[in-house]
Amino acid sequence: MGAITFVGAGLRPAPTIKRKAVTDLKLDLLGERQRTHYCGDLRKSEAGKTVFLAGWVARRRDLGNLIFLDLRDHTGITQVVCTPDLSAEAHGKAEEVRAEYVVGVEGEVMLRDAATINSQLPTGEVEVKAKTLLLLNEAKTPPFPIEDEVKTAEETRLQYRYLDLRRVSMQRKLRLRHQAALAVREYMSGHRFIEIETPFMTRSTPEGARDFMFPSRIHRGHFYALPQSPQLFTQLLLIGGGDRYFQIVRCFRDEDFRADRQAEFTQIDIEMAFPSRAILFDIIEGLIESLFALVDVKVSRPFARMSYEVAMEKYGSDKPHLGFDLAWKRMRLPSGAEEKLHIMQPFKALRVPGWGRASRSQLDKLQEQAKASGADWFAYAKVDESGVHSPLGKAIGEEAVRILVSGAGARSGDMVIFLGLRSARADRAALSKLDNASGDLRLELGRKLEMITPGTWSFLWVIDFPMFEYDEKDKRFGAMHHPFTSPREEDLDKLESDPGAIKALAYDLVLNGAEIGGGSIRIHRHDIQKRIFTVLGLTPEKARERFGFFLDALESGTPPHGGIALGFDRIVALMAGESNIREVIAFPKTASAVDLMCDAPATVDPDQLDELGLRIKD
């Protein structure tokens, strides 16, 4: 049986990979030689120059007296030609070379014949005639081709990430990430922010996602936690008399399996004293503008703003994709029709322009998805020149259907989708369930009907979030963002009487349906923070145990302040045209937080556990 590798939630044998035996070669030393150029840099202007290149052999083609090597480094590929008449030694070594061998080449840059120019490569007009070929290292046959359009399973790519990273496209994305980090530092410094570092070893504050915790060897029975966010520390820095701080920081969350999340991730954390929301938005929009300029995207400012309530009603999502024009309406049945359908009022209607041609099988698939997303009532109406056609007519009458279709704004050729719940009361939980189902269905229609135009960038601030959300299971309120978010001043009198009606000074930054940042104006008053903890069900003793240091700090002259955390991995992925953040992280983990390359997490020696005072409980 082969080595064991993690896959998803279970284990399975790693695939057996056939490798070509490495020959017993005499390897050369690089010595004092230095590259004169990178492989992707040569152009016809270098013709006639003697150069020294180094890299990996991407491909070898042996035509007898002519051996061609495609030499690759992070910048691209140059074709190298080895012939016995120019150098018998270089030609002889080229006969021994295989894919992924590391070589150095000295030779003259020559123009290719017109018939042999490779227009697919930036270096395709030239080649290097090898006078010297150094065999710097040999290599096993790789488990997959090292090429940009690799069709290998992602598990294999992650297991051999050091090989996957050799691909020019991966190198390009890592360098884009580097350029983005430089741009962040330059921009923030230009706006009087200073970069700081906050601790990785801190205490657990179990009010959000689960913490990653690890034991202290010195203090038996005590544990550190890896930070989910450095926010409390940046708030403390402002209490300490600072003004504007930022950092590009690693954060950690022990979340359940999510397809496009990482257990460890990078965010841009920003905090400032005496902010207004308008000033903070302007700074962040400028930062985004400077980042997307790296990929020649012109960002239109100011970004649109939308309340959470409108986003959920019209788009069924608190991170709506505004790159296509489909929007839901809340509707009610006409008088006399309500008792016939027994659905929750209001329900939702969506006009789909020009889709009156939809087939029954297409609608059946939509209905299946709607039910899978949480809606249990799905109906439709088609509109053409002859009128309105819908199975609903038999239940509520043709006139009632026409009223609904007219209310949805439908015209000839359109389709109207209706979505609802068979629930008696339209409480917040039911409306949220319906909104989420409508959001999933809208996105599916946008993709299915190809309404999302590639290359469009729809930035949006979502504002006025609810301060709290009620947990039916625990029968208590929880913070929708985090317990240090400030409520709106005009809502403070509702804290004890109607927490569910309070709006927060929170905001999310959304791009093309993805949340790329979230922040808030923070609570800077000790008395308000204590009231928030009470609403969340934290007794004064429990609040003191978890956040005593912070409550003490709030009593020490805390300035009004606010900030935001931007998802650096997500932003760089969008800039690179990738939907998966793993494509812009050098060494990512799987969705189940497994490192396939290092085979982590792993068991540890019993002596290590004993030293920490731990034992494994089955």
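Residues numbered from 1 in each chain as written. Predicted model: local features only at pLDDT ≥ 70, side-chain atom pairs only at ≥ 80, totals over all residues. Heavy atoms only, no water.

For the protein, the helix and strand inventory stands at 16 helices and 24 strands. Dimensions of the protein, computed from C-alpha atoms along their principal axes, come out at roughly 95 × 75 × 55 Å. Looking at the protein as a whole, 46% of its 618 residues are labelled buried. Here the protein displays about 31,100 Å² of accessible surface, and carbon together with sulfur accounts for 50% of that area. (Helix = DSSP H or I, 4+ residues; strand = E, 2+ residues; numbered from the N terminus. Buried < 20%, exposed > 50% of the residue type's maximum accessible area, 1.4 Å probe, protein only. Areas by Shrake-Rupley, 256 points an atom, 1.4 Å probe, with all protein chains shown as cover.)

So, about the sheet that holds strand S4 (residues 67–73). Pairing in this closed barrel of 5 strands is mixed, and the strands run S3-S4-S5-S7-S6 around the ring. Between one strand and the next, the sheet's axes are offset by a mean angle of 55°, whatever the strand orientation. Here 7 bridges tie S4 to strand S5 (residues 76–82), and the two strands are oriented antiparallel to one another. Its bridge partner lying in S5, Ile67 is registered against Cys82. (Pairing = 2+ DSSP bridges. Axes fitted to C-alpha atoms, helices over the stretch in contact; angles between N-to-C directions.)

Turning to the packing of aromatic side chains, a few remarks are in order. Where two aromatic rings form a pair, the distance of their centres and the angle of their planes describe that pair. Taken as a whole, this structure holds 18 aromatic pairs when the rule is applied. Taken together through their ring pairs, the aromatic side chains of Phe292, Phe303, Trp457 and Phe459 make up a single cluster. Cation over ring: Arg442 sits above Phe324, and NZ or CZ is 3.9 Å from the ring centre. (Phe/Tyr/Trp six-rings, centres within 6.5 Å; stacked < 30°, edge-to-face > 60°. Lys NZ or Arg CZ within 6 Å of the ring centre and 35° of its normal.)

With that settled, consider the confidence of the model for the protein. In the predicted model, the protein carries a mean pLDDT of 91, and the fraction of residues at 70 or more is 95%. Below a pLDDT of 50 lies the segment residues 1–22, which in the model reaches 35 contacts outside its immediate sequence neighbourhood of four places, other chains included. (pLDDT = per-residue confidence, 0-100. Contact = heavy atoms within 4.5 Å.)

Another aspect to go through is the environment of Arg546. With respect to the secondary-structure elements, Arg546 resides in helix H14 (residues 540–554). Distance in space between the C-alpha atoms of Arg546 and Thr205 is 6.3 Å, their sequence separation being 341 residues.

Further remarks concern the nonpolar core. In terms of nonpolar packing, the biggest core is built from 42 residues, with Ile270, Ile284, Ile288, Leu291, Phe292, Trp461 and Leu566 touching the most fellow members. When residues of this core are traced back to their parent elements, those giving at least two are helix H4 (168–190), strand S12 (264–273), helix H6 (277–292), strand S19 (459–463), strand S22 (506–511), strand S23 (514–521), strand S24 (561–567) and helix H15 (568–575). The dominant element in this core, judged by the number of residues it contributes, is H6, at 8 residues. (Core = buried A, V, L, I, M, F, W, Y, C linked by side-chain atoms within 4.5 Å.)

Mapped onto the secondary structure, Arg72 falls in strand S4. The class of Arg72 is buried, set by a relative accessible area of 2%. Engagement of the side chain of Arg72 in a polar contact is seen with the side chain of Glu100, the distance being 2.7 Å. (Polar contact = N/O pair within 3.5 Å; in protein donor to acceptor, adjacent residues only side chain to side chain.)

Summed over the entire model, instances satisfying the criterion amount to 41 salt bridges. Close ionic contact of Glu578 with Lys173 constitutes a salt bridge, the shortest N to O distance being 2.9 Å. Linking Glu578 in the loop between H15 and helix H16 (606–612) with Lys173 in helix H4, this pair joins segments that are 405 residues apart in sequence. On the accessibility criterion, Glu578 (23% relative accessible area) is partly exposed. Across the pair Glu496 and Arg531 runs a salt bridge whose closest N-O atoms are separated by 3.0 Å. With a gap of 35 residues between them, Glu496 in the loop between strand S21 (476–479) and S22 and Arg531 in helix H13 (residues 526–535) connect regions that are remote in the sequence. Residue Arg531 is classed as partly exposed on the basis of its relative accessible area, which comes to 26%. Each of Arg157, Arg161, Asp164, Arg167, Lys173, Glu578 and Glu583 takes part in salt bridges that share partners, so that together they form one network. (Salt bridge = Lys/Arg side-chain N within 4 Å of Asp/Glu carboxyl O.)

Moving on, we come to a negative patch on the surface. Residues Asp605, Asp607, Asp610 and Glu611 make up a contiguous surface patch of negative charge. Its location among the elements puts Asp610 in helix H16. A residue is classified by how much of its surface remains accessible, and Asp610, at 57% relative accessible area, is exposed. (Patch = residues over 30% accessible without salt bridge, like charges linked within 9 Å, V, L, I, M, F, W, Y side chains within 5 Å. Lys, Arg positive; Asp, Glu negative; His and termini not counted. Charge placed at Lys NZ, Arg CZ, Asp CG, Glu CD.)

A cluster of nonpolar side chains, contributed by Met213, Phe223 and Leu614, occupies part of the molecular surface with about 280 Å² of accessible area. Tracing the backbone shows Leu614 in the segment after H16. On the accessibility criterion, Leu614 (31% relative accessible area) is partly exposed.

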